[in-house]
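Observations on chain architecture
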Amino acid sequence: INTEQDHQCVCVLTNEESIASALIELRGRSHDAVPSHESLMHIVSSDNLSHERDAKQQVAQWYKKHLSKAMGLALPQEHFGCKSAWSYYTLIADTPQLRDYLVSELHKAQVDVSIASPLLAPLHHEVTWAELGYNQDSFNTANRATTCAFCLPISASLAESDVKAVCDVIMKAQNKLLSQSAACA
């Protein structure tokens, strides 16, 4: 439900027809474009969300499998008994230089990779937090994540061959770095 008056956006998921009908009626009061009941039920269906989550779980497992021998990268970990929705598949490189090199190689291979931007800097970099006594060196883990983290594509529609192609770019880039450092030794 998006109410333009107060600029709030809320997402409500339900499999209850009475709730969905009430939401459609409410939405119809503030907008001209009202989705059909069928399309709304399709969008919010818990079956669709479960399928999406399960498919992303599989993609995450493929990344874990194909990056198991990657060096200098921390792979995401799930806590025992928990399942991630995998909005992002975030890797943390040992150094900002490694992250930047891998991202550059992935971009050359036309892989859509996301990195933190200055617009998404850690909260303690904000002026408001300085007033509370925090500075840019206050939280080293957050600072490191900002400079060393990058996100690989994750979508329910990815096939294992897609994931392997992304991982192959990373492994090839790492091998190139290793061979360059061996040549210098």
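It should be emphasised that the depicted structure is a prediction, and the values quoted were computed from it without experimental measurement.

1. So, a nonpolar patch on the surface
Residues Leu132, Tyr134 and Phe139 make up a contiguous nonpolar surface patch of roughly 300 Å² in combined accessible area. Assessed through its relative accessible area of 60%, Leu132 is described here as exposed.

2. Description of the sheet that holds strand β4 (residues 89-93)
Strands in a sheet are paired, the pairing made by backbone hydrogen bonds, and the direction either parallel or antiparallel. Here four strands make up an open sheet; going across it, the order is β3-β4-β6-β5 and the pairing antiparallel. Lying at the two open borders of the sheet, with one neighbouring strand each, are β3 (73-74) and β5 (114-115). Helix-sheet contacts for helix α4 (residues 96-108) involve β3, β4, β5 and β6 (149-152), and the interaxial angle to β6 is about 25 degrees.

3. Considerations on the confidence of the model for the chain
Model confidence for the chain is summarised by a mean pLDDT of 78, while 66% of its residues fall at 70 or above. Summarising per-element confidence for the chain, the mean pLDDT is lowest in strand β1 (residues 2-3) (39) and highest in α4 (95). For residues 1-8, every residue scores under 50 in pLDDT, and the model assigns this stretch ten contacts once sequence neighbours within four places are set aside.

4. Considering the packing of aromatic side chains
Applying the stated criterion to the full structure yields two aromatic pairs. Aromatic side chains Trp86 and Tyr89 sit 5.4 Å apart centroid to centroid with 35 degrees between the ring planes, which places their arrangement in the tilted category. Each member of the pair, Trp86 as well as Tyr89, carries the same accessibility label: buried. Put simply, the rings of Tyr63, Trp86 and Tyr89 pair up and form one aromatic cluster.

5. Some remarks on the pairing of β6
Side chains Ala149 and Cys151 of β6 all project onto a buried face; the interleaved residues Phe150 and Leu152 project onto the opposite face, where all are buried too. Taken together, the four bridges between β4 and β6 define a ladder with antiparallel strand orientation. Bridge pairing in β6 links Ile92 to Ala149. Here β5 runs beside β6; their pairing, made up of two bridges, is antiparallel. Directly across from Ser114, in β6, lies its bridge partner Cys151.

So, how was this worked out
- Residues numbered from 1 in each chain as written.
- Predicted model: local features only at pLDDT ≥ 70, side-chain atom pairs only at ≥ 80, totals over all residues.
- Heavy atoms only, no water.
- Patch = residues over 30% accessible without salt bridge, like charges linked within 9 Å, V, L, I, M, F, W, Y side chains within 5 Å.
- Areas by Shrake-Rupley, 256 points an atom, 1.4 Å probe, with all protein chains shown as cover.
- Salt bridge = Lys/Arg side-chain N within 4 Å of Asp/Glu carboxyl O.
- Buried < 20%, exposed > 50% of the residue type's maximum accessible area, 1.4 Å probe, protein only.
- Pairing = 2+ DSSP bridges.
- Helix = DSSP H or I, 4+ residues; strand = E, 2+ residues; numbered from the N terminus.
- Contact = heavy atoms within 4.5 Å.
- Axes fitted to C-alpha atoms, helices over the stretch in contact; angles between N-to-C directions.
- pLDDT = per-residue confidence, 0-100.
- Phe/Tyr/Trp six-rings, centres within 6.5 Å; stacked < 30°, edge-to-face > 60°.

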